[in-house]
Structure formats: structure tokens, C-alpha cells
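Chains, contacts and geometry: an overview
Here are the chains, one letter per residue:
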Number of protein chains: 2
Amino acid sequence: MSTKEISRSLSNDFFSQAASFLNTYVTRDHSDTPVTRLSPPEDLKSRFAEAGIGLSIPDGQDAVAPEELLQAMRLTLDYSTSTGHPLFFNQLYGGPEPAGIAGEWLAVAANTNCHTFEVAPVFTLVETEVLAKLARLIGGPYSQDHDGLFVPGGSIANIYGMHLARNRADPAFKQRGAQGGPRLVAFTSEQAHYSYRKAVALTGLGTDNLISVACDADGAMSPASLQEAIKAAEQEGKTPFFVGATAGTTVTGAFDPLEPLSKICREHNVWLHVDGAWGGAALLSRKLRHLMAGCERADSMCWNPHKLLGMPLQCSVFLTQHADILRRTNAGGAAYLFQPDKLHAEYDLGDKTIQCGRRPDAFKLWLAWKAYGDAGFERWVDRADELAQACEIRIKESGGALQLVQRRAPFNVCFWWVPAQLRPYTPEQATPAAKDLLSKVAPAIKELMQQKGDAMIGFQPLGSAPNFFRIVFAGAKLLQDCDLDALLQRINAYGQQLFPAQQ
Amino acid sequence: MSTKEISRSLSNDFFSQAASFLNTYVTRDHSDTPVTRLSPPEDLKSRFAEAGIGLSIPDGQDAVAPEELLQAMRLTLDYSTSTGHPLFFNQLYGGPEPAGIAGEWLAVAANTNCHTFEVAPVFTLVETEVLAKLARLIGGPYSQDHDGLFVPGGSIANIYGMHLARNRADPAFKQRGAQGGPRLVAFTSEQAHYSYRKAVALTGLGTDNLISVACDADGAMSPASLQEAIKAAEQEGKTPFFVGATAGTTVTGAFDPLEPLSKICREHNVWLHVDGAWGGAALLSRKLRHLMAGCERADSMCWNPHKLLGMPLQCSVFLTQHADILRRTNAGGAAYLFQPDKLHAEYDLGDKTIQCGRRPDAFKLWLAWKAYGDAGFERWVDRADELAQACEIRIKESGGALQLVQRRAPFNVCFWWVPAQLRPYTPEQATPAAKDLLSKVAPAIKELMQQKGDAMIGFQPLGSAPNFFRIVFAGAKLLQDCDLDALLQRINAYGQQLFPAQQ
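Residue numbering note: each chain is counted from 1, following its sequence as written. Throughout, the order in which chains and ligands are written sets their labels, letters from A for the former and numbers from 1 for the latter. Where local features are concerned, this predicted model is filtered to residues with pLDDT of at least 70; where side-chain atom pairs are given and counted, the filter is 80 or more; whole-chain, interface and lining totals use all residues. To get the side-chain values, take all heavy atoms of the structure and skip hydrogens and water.

An unreviewed UniProt entry lists chain A under the name Glutamate decarboxylase, with Coccomyxa viridis given as the organism. UniProt positions are given in the numbering used here, feature names are shortened, and annotations may be inferred rather than shown by experiment. For chain A, the Sequence similarities (unreviewed entry) comment in UniProt is given as "Belongs to the group II decarboxylase family." Entered under Cofactor (unreviewed entry) in the UniProt record, the comment concerning chain A runs "pyridoxal 5'-phosphate".

The helix count covers DSSP runs of H or I at least four residues long, the strand count covers runs of E at least two residues long, and both are numbered beginning at the N terminus. Within chain A, the regular secondary structure consists of 15 helices and 12 strands. Scaling as 2.2 N^0.38, a compact globule of 503 residues should have a C-alpha radius of gyration of about 23 Å, and chain A matches this with 25 Å. In terms of overall dimensions, chain A has a C-alpha envelope of 75 × 75 × 45 Å along the principal axes. Looking at chain A alone, contacts between residues at least 24 apart form 72% of all its contacts between residues at least 6 apart. Taken as a whole, chain A presents about 16000 Å² of accessible surface, with 49% of it coming from carbon and sulfur. Positive: Lys, Arg. Negative: Asp, Glu. His and the chain ends are not part of the count. To locate a charge, take atom NZ for lysine, CZ for arginine, CG for aspartate or CD for glutamate. Taking the average location of the 47 positive side-chain charges in chain A and that of its 53 negative ones, the two points are 3 Å from each other. Just to be clear, the radius of gyration here is over C-alpha atoms, and the globule rule we use is 2.2 Å times residues to the power 0.38. The contact criterion used throughout is that any non-hydrogen atoms of two residues lie within 4.5 Å. Areas reported as accessible are Shrake-Rupley estimates using a 1.4 Å probe. Residue values count occlusion only from the protein chains shown.

Residues and elements named next belong to chain B. Each residue gets one of three labels from its accessible area relative to the maximum for its type: buried under 20%, exposed over 50%, partly exposed in between, using a 1.4 Å probe on protein chains only. The element strand β11 (residues 456-462) is extensively covered by neighbouring structure, given that five of its seven residues are classed as buried. Strands are treated as partners if at least two bridges between them are detected by DSSP. Strand direction decides the pairing type here: strand β1 (residues 88-89) and β11, joined by two bridges, are parallel. When the sheet's bridge partners are listed, phenylalanine 88 is paired in β11 with methionine 456. Pairing of β11 with strand β12 (residues 465-472) involves four bridges; the strand directions are antiparallel. Bridge pairing in β12 places leucine 462 opposite alanine 465. Counting the residues that bridge the hairpin from β11 to β12 gives two residues, and of these glycine 463 lies at a positive phi of roughly 60 degrees.

Both copies of the chain are tied together by a single rotation about an axis and a shift running along it. Least squares is the method used to superpose the copies, on C-alpha atoms of residues holding a pLDDT of at least 70 in both. Rotating chain A by 180 degrees about the axis while translating it 0.0 Å along that axis superimposes it on chain B, leaving an RMSD of 0.0 Å. Here the transformation between the copies is reduced to the relation of a two-fold axis. The position closest to the rotation axis in chain A is occupied by the C-alpha of threonine 203 of chain A, lying 1.9 Å away. Interface residue correspondence from chain A to chain B reaches 100%, placing this contact among same-surface, isologous pairings.

Residue and element names in this part refer to chain A. Pairing within the open sheet is mixed, and its five strands lie in the order β1-β11-β12-β10-β9. The sheet terminates laterally at β1 (88-89) and β9 (402-404), the two strands that pair on one side only. In terms of strand pairing, β9 meets strand β10 (residues 412-417) through three bridges, oriented antiparallel. By the bridge assignment, glutamine 403 is partnered in β10 with tryptophan 416. Sheet contacts for helix α13 (residues 362-396): β9, β10 and β12 (465-472); angle to β9, the most-contacted strand, approximately 120 degrees. A fitted line through C-alpha atoms serves as each axis, taken over the contacting stretch for helices, and the angle formed by two N-to-C directions is quoted from 0 to 180°. Strands β10, β11 (456-462) and β12 of the sheet are contacted by helix α14 (residues 432-452), whose axis makes an angle of about 35 degrees with β12.

Our focus in this paragraph is the interface of chain A and chain B. Contacts between chain A and chain B engage 165 residues on the former and 166 residues on the latter. Of the roughly 14400 Å² buried where chain A meets chain B, counting both sides, 61% is carbon and sulfur surface. When a carboxyl oxygen of Asp or Glu is within 4 Å of a side-chain nitrogen of Lys or Arg, the pair counts as a salt bridge. Remark: the boundary between chain A and chain B carries eight salt bridges. Between glutamate 104 of chain A and arginine 359 of chain B there is a salt bridge, and its shortest N-O distance comes to 3.5 Å. For any pair of parts, buried area is found by adding up, for both, the accessible area (1.4 Å probe) each one loses once the two are put together.

With that settled, the discussion passes to the nonpolar core. One finds Trp105, Trp366 and Phe473 of chain A together with Trp105, Trp366 and Phe473 of chain B to be the most contacted residues of the largest nonpolar core, which totals 310 residues. Note that the domain bounds were set by an automatic or database domain assignment. Of the residues that make up this core, three or more belong to each of domain 1 (12-85) and domain 2 (112-369) of chain A. Dropping the residues within four chain positions of it, tryptophan 366 of chain B is found in contact with Phe48, Ile53, Gly54, Leu55, Ile57 and Ala72 of chain A together with Val126 and Val130 of chain B. Counting 54 residues, the second largest nonpolar core, distinct from the first, contains Leu164 of chain A together with Ala157, Met162 and Phe318 of chain B. Here, nonpolar core means buried Ala, Val, Leu, Ile, Met, Phe, Trp, Tyr and Cys residues that are tied together by side-chain atoms lying within 4.5 Å of each other.

This next bit is on helix α10 (residues 223-235) of chain B. All names here are of chain B. Helix span, as expected, comes to 1.5 Å for every residue beyond the first. Its 13 residues give α10 an end-to-end C-alpha distance of 18 Å, which sits within 8% of 18 Å, the value for a rise of 1.5 Å per residue. For α10, the set of buried residues is Leu226, Gln227, Ala229, Ile230 and Ala233. With its buried residues spanning 165 degrees around the axis, α10 presents them on a single face. Opposite the buried face of α10, by more than 90 degrees, sit the exposed residues Ala224, Glu228 and Gln235. Contacts from the buried residues of α10 go to β3 (184-189), β4 (210-213), β5 (239-246) and α11 (258-267). What the arc covers is the set of directions going from the helix axis to the C-beta atoms.

Next up on the list: the environment of proline 86 of chain A. Residues and elements named next belong to chain A. Topologically, proline 86 is positioned in the loop between α3 (66-78) and β1. Since its relative accessible area comes to 16%, proline 86 is described here as buried. C-alpha of proline 86 to C-alpha of alanine 63: the two residues are 23 residues apart in sequence and 38 Å apart in space.

Let us look at the pattern of salt bridges. The full count for this structure, using the stated rule, is 52 salt bridges over all chains. When the shortest N-O distance is used, the salt bridge between aspartate 385 of chain A and lysine 287 of chain A registers 3.3 Å. Remark: lysine 287 of chain A occurs in the loop between β6 (271-275) and β7 (300-303) and aspartate 385 of chain A occurs in helix α13; sequence separation between them is 98 residues. Owing to a relative accessible area of 4%, aspartate 385 of chain A belongs among the buried residues under this scheme. Residue lysine 287 of chain A is classed as partly exposed on the basis of its relative accessible area of 43%. Among the salt bridges present, the one from glutamate 392 of chain A reaches lysine 396 of chain A, with a minimum N-O distance of 3.3 Å. Separated by four residues within a single helix, glutamate 392 of chain A and lysine 396 of chain A lie in helix α13, roughly one turn from each other. Connected through salt bridges with shared partners, the residues Glu104, Arg359, Asp361 and Lys364 of chain A together with Glu104, Arg359, Asp361 and Lys364 of chain B form a single ionic network.

In helix packing, the relevant descriptors are the interaxial angle and the interaxial distance, both defined with respect to the helix axes. All names here are of chain B. Between helix α5 (residues 121-138) and helix α13 (residues 362-396), whose axes approach to 9 Å, the crossing angle comes to 55 degrees. It follows that α5 is oblique to α13 by the angle criterion. The two elements α5 and α13 meet at a crossing, and its hand is left-handed. Where α5 abuts α13, its residues Phe123, Val126, Glu127, Val130, Lys133, Leu134 and Leu137 lie against Ala362, Phe363, Leu365, Trp366, Trp369 and Asp374. Any residue that is not Ala, Val, Leu, Ile, Met, Phe, Trp, Tyr, Cys, Pro, Asp, Glu, Lys or Arg is counted as polar, Gly included; the first ten are nonpolar and the last four charged. For the contact of α5 with α13, a count of residues per class yields 10 nonpolar, no polar and three charged. For classification purposes, an angle smaller than 35 degrees is called roughly parallel, one larger than 145 roughly antiparallel, one from 65 to 115 roughly perpendicular, and anything else oblique. Rotating anticlockwise by less than a right angle from the far helix to the near helix defines a left-handed crossing, while the corresponding clockwise rotation defines a right-handed one.

So, on to the UniProt feature "modified residue: N6-(pyridoxal phosphate)lysine" (unreviewed entry) in chain A. Residues and elements named next belong to chain A. UniProt records the feature "modified residue: N6-(pyridoxal phosphate)lysine" (unreviewed entry) at Lys307, using the numbering of this structure. Among the secondary structure elements, lysine 307 is positioned in the loop between β7 and β8 (316-320). A relative accessible area of 15% means that lysine 307 is categorised as buried.

Moving on, we come to the sheet that holds β8 of chain A. Pairing between the strands of a sheet comes from backbone hydrogen bonds, and it takes one of two forms, parallel or antiparallel. Residues and elements named next belong to chain A. Reading across from one edge, β2-β8-β7-β6-β5-β3-β4 is the order of the seven strands in this open sheet, with mixed pairing throughout. Single-partner strands in this sheet number two, and they are β2 (147-151) and β4 (210-213). This sheet shows a mean twist of 20 degrees between the axes of neighbouring strands, independent of strand direction. Bridging between β7 and β8 involves four bridges; their strand directions are antiparallel. If you follow serine 300 over to β8, its bridge partner there is threonine 320. Against the sheet, helix α7 (residues 154-169) touches β2, β3 (184-189), β5 (239-246), β6, β7 and β8, its axis set at about 175 degrees to β6.

The relation between two aromatic rings is expressed through the spacing of the ring centres and the mutual angle of the planes. For Phe, Tyr and Trp, rings pair up if their centres lie within 6.5 Å, where Trp contributes its six-membered ring, and each pair is then called stacked (planes under 30 degrees apart), edge-to-face (over 60) or tilted (otherwise). Evaluated as defined, the whole model comprises 42 aromatic pairs over all chains. Where phenylalanine 123 of chain A meets phenylalanine 363 of chain A, the ring centres are 5.4 Å apart and the plane angle is 85 degrees; that geometry is what we call edge-to-face. One end of the pair, phenylalanine 123 of chain A, is in helix α5 (residues 121-138); the other, phenylalanine 363 of chain A, is in helix α13, with 240 residues separating them in the sequence. Each member of the pair phenylalanine 123 of chain A and phenylalanine 363 of chain A is classed as buried. Look at tryptophan 369 of chain B and phenylalanine 377 of chain B: their rings are 5.1 Å apart centre to centre, the planes differ by 45 degrees, and that puts the pair in the tilted class. Of the residues examined, tryptophan 369 of chain B reaches a relative accessible area of 1% and is grouped as buried. Look at phenylalanine 377 of chain B and you get buried, because its relative accessible area is 0%. Think of it as a cone above the ring: NZ of Lys or CZ of Arg counts as a charge over the ring if it is within 6 Å of the ring centre and within 35 degrees of the ring normal. The cationic tip of arginine 74 of chain A hangs over the ring face of phenylalanine 21 of chain A; the distance from NZ or CZ to the ring centre is 5.7 Å. The cationic tip of arginine 423 of chain B hangs over the ring face of tryptophan 417 of chain B; the distance from NZ or CZ to the ring centre is 5.4 Å.

Okay, here's the thing in C-alpha cells:
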């Protein structure tokens with residue numbers, strides 16, 4: 001049998017069965033399936049080995065039969081965490097959306113690359129149109145002109161913002177490098193995403209030159225503190241060049257006040273980038289877009305439709321109001337790829353990027369936008385806010401068993417389950433022993449949930465607040481109020497079981 | 001209708017139709033379909049608009065009916081370049097492989113993220129096992145210990161290599177940044193991928209500090225030139241820290257001589273990174289792995305299974321022989337994600353990365369490896385080499401119509417179609433007028449091919465060589481010798497049509 005025949009026979013027999021199985025998986029009803037089937041790594045390895053398709057790939061791996069491949073695919077999904085389950089609240093993504101999945105499957109089947117128009121004509125135009133739509137949503141200067149890209153994740157998008165800012169502040173940077181240039185310093189809030197720390201470590205700015213700005217009680221960057229930090233840096237002879245604001249912080253969901261921040265940035269000629277990976281979805285809602293007011297004055301922003309809009313991972317947008325800046329900053333002009341003497345070369349997007357190949361991540365969002373329309377997307381975003389409000393009310397009415405960590409932002413609710421002996425829990429008056437006990441509660445409840453497989457929710461400490469639960473509504477469009485009740489009831493039941501009231 | 005109901009009805013009706021249509025697309029026979037349906041951007045926009053689903057997303061976009069979404073999906077694929085067609089030779093990818101597509105569709109359906117074990121238990125273990133298999137294939141120190149990640153593309157993989165090297169050469173770099181540190185310089189060959197230039201621009205090293213090393217006549221880096229370049233830099237008080245070698249250059253497919261390069265790097269305490277994005281596949285072939293000899297001494301390497309192995313885009317591996325170095329270099333320790341007090345936290349891969357979220361790109365490769373085994377993968381790689389040899393013979397036997405640009409490397413063949421009046425074409429003796437005419441040939445033939453839609457092949461100039469065709473065998477496993485004949489016959493026929501012999 002030739003290799004061609006081997007490949008073809010897999011294509012026609014195996015592939016159709018795989019597609020049918022995956023169709024069933026995507027369209028399944030979650031009510032009978034667990035959120036997760038917790039298995040320690042060694043158990044997982046045993047299960048695959050018992051099915052005749054071990055997880056390791058030994059030396060001299062033989063080809064296995066199509067039936068075994070299908071069995072391996074079934075096992076993989078059986079033991080994968082079901083991020084589409086209504087009771088998956090663990091991450092800022094979930095509830096993948098069928099038009100998005102169909103769009104992504106199409107992109108996989110087409111297997112091409114958004115570097116040149118000739119290999120991706122439709123995907124190139126779709127990316128351009130989706131970016132134009134988003135730019136109009138932001139408004140202000142963005143409606144006039146903009147530049148942008150879909151990139152592999154919000155962390156990379158934040159790197160793009162910082163990179164453009166640096167080239168503007170120090171035009172010789174690209175050629176000369178950081179050495180011998182101005183002593184640049186960047187600013188983010190103490191609750192900004194950790195990707196900024198990674199970005200300064202990667203790009204040779206150094207973590208010493210990333211200045212952490214204090215937040216107000218809600219977790220939003222304080223404009224007065226920013227003003228002060230910039231002035232202090234200037235007095236030390238440093239050159240402030242970048243402020244990384246956040247629209248929807250990772251833990252508490254706070255929105256930095258973009259209008260006052262943009263005013264300060266203009267005064268000091270500093271690039272304002274808005275990390276809206278999570279909260280950027282507020283732009284889609286007439287009710288919530290006030291949270292993004294001032295965003296149109298930002299030099300750049302990012303937004304991850306794979307988060308609150310439930311597009312399949314990854315779907316991340318980087319946008320800037322500065323036309324043609326990406327090509328000017330990043331172009332490498334590779335002669336083998338961006339030949340000026342080929343047809344429609346002026347539509348090629350690839351030389352704008354720091355990558356070379358790039359997946360057509362815009363297509364799934366385009367298809368979903370056509371499927372649901374502006375109004376559909378708006379309802380999803382508003383639904384996340386409604387659920388957060390409903391959650392807040394339930395916490396306040398829980399009689400002290402559940403307690404808010406702080407005032408809520410639209411899409412996140414942070415709370416403790418408080419053991420009976422610590423109620424009422426007053427953070428300011430809590431003893432070290434009380435905090436120590438409370439820090440053990442969320443991990444223990446979560447572990448029991450994972451063992452039972454009936455819900456997943458994240459926890460973390462923040463500042464002086466010991467481990468607390470964070471509920472996020474990435475899959476809000478699929479959620480009913482009863483799903484929220486189910487989660488809170490489970491937390492309460494498992495809390496009582498693990499931390500019974502002392503007699 | 002609630003948003004949940006809207007979403008569900010799309011899921012069950014629309015999604016299954018979409019899945020069925022895509023299944024048909026993936027398993028289709030290409031013989032009746034064009035490689036590309038060339039349409040200028042304005043024509044494409046008209047076609048979508050006529051079908052009732054314009055490419056732009058207007059203000060107040062309405063939800064469109066599922067039938068229109070399906071029609072839009074059909075149009076998208078009709079007007080997408082068919083990279084799976086046997087006569088698509090345009091890029092270093094193509095011929096997507098059914099087990100790979102099935103694996104990728106599964107990953108999309110699972111919609112999770114390889115940052116933590118708890119949300120991606122199987123995918124995390126699969127990534128770890130595939131990396132271990134690749135490390136054993138490399139051999140040497142890699143069999144003992146290694147570290148690695150799947151990353152979004154070879155360009156990003158090269159950035160990883162340079163970043164680790166820099167932190168080793170300058171341990172204070174992460175905190176202090178580039179300023180005030182040693183004057184680091186990096187070396188790549190003049191035929192290395194352009195991503196290195198992007199990498200030094202991004203990471204604050206600066207293009208001035210990327211030194212271009214001369215190649216031999218085959219396009220491989222000259223060890224003597226590297227030795228000289230390193231010594232010259234040292235004499236100027238600079239600190240050489242990184243050599244970016246290439247295994248399979250983009251245009252000519254040359255393999256840098258890794259053993260002598262690794263010896264020089266050890267002598268000067270310089271990190272050797274091997275960009276094997278294209279040629280790394282040689283490791284899978286007993287016949288060809290000699291080309292990678294010395295790779296096991298490299299500090300790090302990358303390989304893109306989405307290239308010669310036909311995995312769906314993207315599938316890129318970064319590997320290093322230095323255990324645990326990724327976490328030590330990149331960890332941000334975000335408390336909301338990498339909680340040490342959750343189950344199996346020691347398996348989390350996410351803090352090794354410069355991203356936060358990361359797609360489970362290893363899974364498709366794992367599934368395909370199980371499907372075809374070591375021997376199947378080896379046959380695909382050997383087949384690419386066989387086809388390149390067959391192509392070279394045809395060119396040599398073409399009586400001067402086709403002419404090799406230079407000696408061939410295993411997976412690439414570079415050649416001109418020479419108009420009759422320029423035969424025999426001798427590069428050394430060619431007049432400027434002859435070169436000027438020859439530079440117009442490949443673009444014109446390619447344009448006609450695109451208009452007819454019956455083949456696609458890339459071209460580029462290189463050094464003093466005017467535009468020539470580059471044939472690459474990314475989809476080799478699907479190719480028969482007659483496909484190669486069809487391509488060369490078309491090039492010849494279109495050449496004669498466009499550049500007829502002068503009377």
C-alpha cells in the first residue's frame with residue numbers, strides 16, 4: 001500500500017466517523033455529564049494503556065488501527081475538563097459557541113495562513129472587515145483610521161502594544177536596541193495581568209522598569225497615583241513611555257478609569273494601551289460600554305473574543321488608532337513571501353506581525369457575528385452582567401455563609417464561603433488564625449467539587465485577602481439562574497461537610 | 001426566545017449540517033477542483049454580497065439565517081486556496097492530514113487551554129509525552145533531560161531560543177533589562193529566516209547586533225566565517241551569546257553543518273539554537289537524519305510539524321536540552337492561575353511560557369503519530385526527498401528549458417524556466433538585460449497559473465539570482481510522480497505561451 005493509499009483510507013473511513021463523533025460531542029446536552037472526571041496523571045496513563053493506545057509514543061511506535069484512534073479520541077474527551085458545561089466557572093473562557101466552533105473547524109479544514117492574500121483571500125478580507133467593525137465600535141479616532149491584527153492570545157497582544165510604544169518613544173530602538181537609548185519605564189496597575197511582567201522580561205526592558213501603580217478599593221488604577229508615579233520617574237531622569245491600563249482585571253474584574261488615564265498620558269506623551277482581554281466585551285453593550293469610556297483615546301487595545309463571547313480558543317484582537325504603524329514597526333520584507341511582483345500583494349497582512357505564519361482566527365468571530373448579529377452579542381454581554389448581579393444578591397442574602405470580598409464589577413464576583421465559627425467575617429478584624437483557616441476553605445471545597453466532578457470554580461488570594469472564590473461568566477449565554485443556584489448550593493453543602501460548625 | 005434557546009437551536013440544526021459539509025470537504029477528491037479561484041478583492045466582496053452575507057459587518061448587523069451561514073461557509077471554501085491540492089507547492093505547508101485534522105477538530109471542540117493540568121489533564125500529558133518522544137529522537141543530552149513547549153509558530157520558537165540564551169549570558173537581564181548589561185551580539189546566516197531580524201527588533205537587542213554570517217555555495221552557514229565573525233565581535237568588546245543555525249533554509253533548503261557549528265559555540269560559550277522549522281523532519285528518517293547530525297549538541301531547537309508532516313496549522317515545537325529552564329526564565333507565578341494549593345499543580349505547563357493561554361497543539365501530532373507510527377512518518381519524509389530527486393532529474397533532462405539555480409537540498413528544488421532566447425542560461429555570464437527578462441518570467445507564469453487555478457508555486461530572487469521558482473514538498477505524502485509532471489508541464493506550456501521563441 002502506498003503512503004497515499006494509507007492516507008486516503010484514513011480520510012474516508014476514519015475521518016467521517018471521527019467527524020460524526022465530534023459532531024455528537026459538540027451538540028450534546030451537558031446535564032448528564034460531569035464537568036470533570038478527576039484522575040491523577042498515573043490513572044490517566046493507565047486508562048489509555050488499557051485501551052491499547054498508551055499516552056507515551058515508544059521507540060518504534062506502530063501504526064494503530066482506526067478503531068483504536070477513535071477510542072483514544074473518546075477517552076481524551078471523557079477525561080478532558082468540559083469547559084462548555086454550565087457549571088464550569090474556572091476560567092475566563094467557556095461555553096464555546098456552535099457558530100464559532102463551525103467557523104474554526106472550517107479554518108482547520110482550509111489549513112491556510114493569513115500571511116498573504118494569495119493563500120488566504122477570503123480570510124484576509126474577513127480579518128480586515130472584523131477589525132474595521134471593532135474599530136467603529138471603539139469610535140473616536142479609530143473610526144477614522146486604525147491598524148490591527150488577530151494574535152495568539154492577550155499576552156502577545158500586550159507585547160504588541162508595548163513594542164509599538166517603545167518604537168515611538170525611541171525611533172532608533174529597532175536598529176540600535178535598548179542599550180544606549182533613553183531609560184524607558186512602563187506603568188501598570190498592581191492588579192494588571194501578569195503578562196506585562198513577562199513582556200518586560202522578554203523585551204529587554206526589565207522588571208525593574210515596570211512600575212506598579214496603586215489601585216483604589218475596587219481594584220482600578222488610581223489616576224492620582226499614576227500621575228505621581230510618572231512625575232517621580234521623570235524626576236529620576238527616566239522616560240515614561242507606556243501605561244498598560246486594564247479593562248476588566250483578571251481577578252476582580254475592575255475597569256481602570258480610561259478617560260483620566262488618557263488625559264495624563266497625553267500630558268506626558270505616554271502611549272496608553274488598554275488590556276481589555278476580558279472586559280473589552282463591554283463595548284458591545286449599550287448598557288455597559290460606559291465602562292470603556294476613554295478607550296477611543298487609547299493608542300492601542302486588546303480584546304479576547306475567546307473569553308466573554310465564547311469563541312473557540314484562541315481569538316485575540318490587537319488594535320491601534322495609528323494607521324500603518326504595524327508594518328512600519330515590524331516589517332521584515334522577506335523576499336520569499338512578500339514578493340511585490342505577485343498579484344494583490346498590497347493586501348498581504350503577514351509583514352505586520354512578529355510571527356510569520358498566523359491562523360485565520362478572525363473567521364470564527366465573523367461567522368458568529370453574522371449568526372447572532374449585534375443584538376445577539378449584546379444580549380450575551382448583558383446576560384453576564386445580569387448573572388453577576390443575581391450572584392451578588394444571593395451572596396448578600398446568604399446570612400453570612402457567603403461573603404463578598406469587595407464591591408462587584410460587571411462580570412466577576414469574588415467571595416468567600418465562611419465557616420460557621422468565623423461568621424460574621426470582618427476582614428479588617430480577622431485574626432491570623434482566622435485568615436489561615438479561611439485560606440484553606442476554597443482549595444478544599446474546590447478539591448471536593450473536582451472529585452465529584454459537578455462544578456469547577458477558581459480561587460486565589462489577593463493582597464491581604466486569603467483564598468477566595470472568583471465566579472466569572474464567560475459562558476453566560478448558556479447559563480440559567482438555576483445553574484448559579486446549583487453552584488452556590490454545592491459550595492455551601494461542601495463547605496458544611498468539610499468545615500462543620502464546631503459544637 | 002432566550003439567548004440559550006437561540007444558541008441551542010443553532011447547535012443542533014445548523015451545527016450538524018456544517019459538520020457534515022466540512023466532512024465532505026475534508027474527504028473530497030481534489031482532481032476536479034482548482035487549486036485556487038483567483039478573484040480580486042472587489043469581486044470577492046461582490047460574490048458574498050450577492051449571496052446575502054456581505055463580508056463587512058455593518059453597524060446594526062442583523063442575525064442571518066442558518067442557511068445563509070452555510071452558504072457563506074461554502075463560498076469561503078470555494079474561494080479559499082486549496083492548500084490540500086496536490087498541485088499546491090506555494091508554501092512550506094500543505095496536504096493537511098486527516099488524523100491531524102480530526103485531532104485538531106477535537107481540540108477545538110474541547111476548547112481548553114494548556115496552562116493548567118486541571119483544565120487540560122489529557123492534553124497536558126500528551127504534550128509532555130510528544131516532547132519526550134522528540135527529545136529521544138534528537139538523542140544525546142536530550143534523551144537524558146530536556147524542556148520544551150508547543151508554541152504558535154517557528155518565529156515565536158526562535159524568540160524562545162534567543163530569550164533563554166540571553167538570560168543565560170546575562171543572569172540579571174530579566175530584572176535589569178538590556179541597559180547596563182553586556183553588549184550582546186547574535187549570529188545567523190545570511191540565508192536564515194527573517195524571523196531572527198524580527199526577534200532582535202522585538203527583544204531590544206537591535207538589528208545592529210544581529211551579525212550575518214556568510215554561507216557556502218549551497219546556502220549553508222560557513223563555520224570558518226562564523227569563527228571569524230565571533231572573534232571579530234569579541235575583539236570589539238562585544239559578547240557573542242547566540243548562534244541561530246538553520247536546518248532546512250526557507251528558500252534553498254540548505255542544512256547548516258551543526259557539528260562544526262556546535263564545536264565553535266562550545267569554545268566561545270555561545271548558545272546554539274537550531275531553526276529546524278522545515279528540515280527538522282529529517283530526524284524522522286534513517287536515511288536523512290545525518291543532515292541533523294550535531295543537533296543533539298544544540299542548546300535548543302525548533303521544528304514545525306505543520307510543515308513537512310502536514311499537521312494542521314499551527315504545530316510548532318520548541319525544545320531545549322536544559323531541564324526546567326523555561327520555568328526558571330519565564331515564570332510569572334500568577335496567583336490566580338498557578339495556585340500551589342490546587343490538585344496536581346506540579347503538572348501545570350503554563351508558567352513556562354511567554355503567553356498565558358495556549359492551544360493544545362500537541363494533540364493532533366500525537367494522534368497522527370499513533371495513526372501512522374514511526375514508519376509512516378519516515379515514509380512521508382523519505383517521499384519528499386524522492387520527489388525532490390525526481391524533480392531534479394526532470395529539470396536536468398529538460399534540454400535547457402528548466403534550469404537548477406543551485407545544487408539541491410533534500411526537500412527544496414530551486415529552478416528557472418528559461419525563455420528560448422536565453423538558453424543555455426549561464427548565471428555567471430548573464431547580461432543585465434537577460435537577468436531583467438528572467439526576473440519577469442516566474443511572476444508572469446505564476447500569475448497565469450493563478451488565473452487558470454491549476455497549480456500554485458512560489459518564486460523569489462536570492463542574492464544575484466533573479467526570480468526563480470521554489471518547489472517544496474510539504475504535501476509529499478499525497479503526491480504522485482504524475483503530479484510533479486503536471487506542474488512542470490504547465491510551467492513549460494505557460495512559459496512558451498508568455499515568452500514565445502523569437503523568430
